[in-house]
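# Analysis of the macromolecular model
Each chain, letter by letter, is given below.
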Amino acid sequence: MKILVLNGPNLNMLGIREPEHYGKETYLDLVKKIENYCKDKSIECEFFQSNHEGALVDKIQEAYGKVDGIVFNPAAYTHTSVAILDAVKSVSIPTVEVHISKVEEREDFRRVSYIRQAAVKTITGLGTDGYLRAVDFLSDYLRKR
Ligand code: DQA
């Protein structure tokens, strides 16, 4: 089983940006945490972070036929990007939407998620553990298919 862990804009700034919302772990800490978790479960994982919408769309398209599931925090593009929604729909790869913060309890604009309608599950407000829960969900979901 192979999982792509995709992160959108400003998530490379984890540990520096708004720790009251996103905690103190860095992006590298996050990658290591997921990597170790996946290793224990014999799941292969690949990581990609970009601040650019088109680069995320390209990566989703490249995943077609190569990846079984996607763990995706589209960050600010969650609330704006039809292109990212369409990319996830195009490849039909089971995708879990993850947010570190509890987006539904923040500003109104963060309650809108374009990608949600294409996601098999949404996880919010669990900090970076949300990514691990997304891996659990996907491995279960994929094994049952
Ligand atoms: C986020 C929430 C988004 O609203 C925000 O733009 C982010 C991170 C989260 O992980 O909580 O960049 O996706």
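Residues numbered from 1 in each chain as written. Predicted model: local features only at pLDDT ≥ 70, side-chain atom pairs only at ≥ 80, totals over all residues. Heavy atoms only, no water.

Close contact between helix α3 (residues 53-62) and helix α4 (residues 82-91) brings their axes to 9 Å; oriented N to C, the two are set at 5 degrees. One element, α3, and the other, α4, form an angle in the roughly parallel class. Of α4, the residues touching α3 (which contributes Glu53, Leu56, Val57, Ile60 and Gln61) are Ala83, Ile84, Ala87, Val88 and Val91. A breakdown of the residues in the contact of α3 with α4 according to their chemical character gives eight nonpolar, one polar and one charged. (Axes fitted to C-alpha atoms, helices over the stretch in contact; angles between N-to-C directions. Helix = DSSP H or I, 4+ residues; strand = E, 2+ residues; numbered from the N terminus. Parallel < 35°, antiparallel > 145°, perpendicular 65-115°, else oblique. Contact = heavy atoms within 4.5 Å. Nonpolar A, V, L, I, M, F, W, Y, C, P; charged D, E, K, R; others polar.)

A few words on the nonpolar core. Ranked by size, the top nonpolar core spans 25 residues in total, and within it Ile3, Ile34, Val71, Tyr131 and Val135 carry the most contacts. Broken down by secondary-structure element, the contributors of at least two residues to this core are β1 (2-7), α2 (27-40), β4 (95-99) and α5 (129-144). In this structure, Val71 is in contact with Ile3, Leu4, Val5, Leu6, Val96, Val98, Tyr131, Ala134, Val135 and Leu138, ignoring residues within four places of it in sequence. Judged by nonpolar contacts, the second largest core, of 16 residues, contains Leu56, Phe72, Tyr77 and Ile93. (Core = buried A, V, L, I, M, F, W, Y, C linked by side-chain atoms within 4.5 Å. Buried < 20%, exposed > 50% of the residue type's maximum accessible area, 1.4 Å probe, protein only.)

Our focus in this paragraph is the pattern of salt bridges. For the structure on display, the rule yields 14 salt bridges. Residues Glu44 and Lys2 are paired through a salt bridge, measuring 3.9 Å at the closest nitrogen-oxygen approach. Taken together, the residues span a long stretch of sequence, with Glu44 in strand β2 (residues 44-49) and Lys2 in strand β1 at a distance of 42 residues. Overall, Glu44 belongs to the partly exposed group, its relative accessible area being 47%. (Salt bridge = Lys/Arg side-chain N within 4 Å of Asp/Glu carboxyl O.)

It is worth spelling out the site of the ligand at this point. The immediate surroundings of the ligand are formed by Arg17, Tyr22, Asn73, Ala75, Ala76, His79, His99, Ile100, Ser101, Val103 and Arg110. Contact between the ligand and Arg17: an oxygen atom at 3.0 Å from a side-chain N or O atom of the residue. Here an oxygen atom of the ligand sits 2.8 Å away from a polar atom, N or O, in the side chain of Arg110. Bound to the protein, the ligand loses 98% of the 330 Å² it would expose on its own. (Near = heavy atom within 4 Å. Polar contact = N/O pair within 3.5 Å; in protein donor to acceptor, adjacent residues only side chain to side chain. Areas by Shrake-Rupley, 256 points an atom, 1.4 Å probe, with all protein chains shown as cover.)

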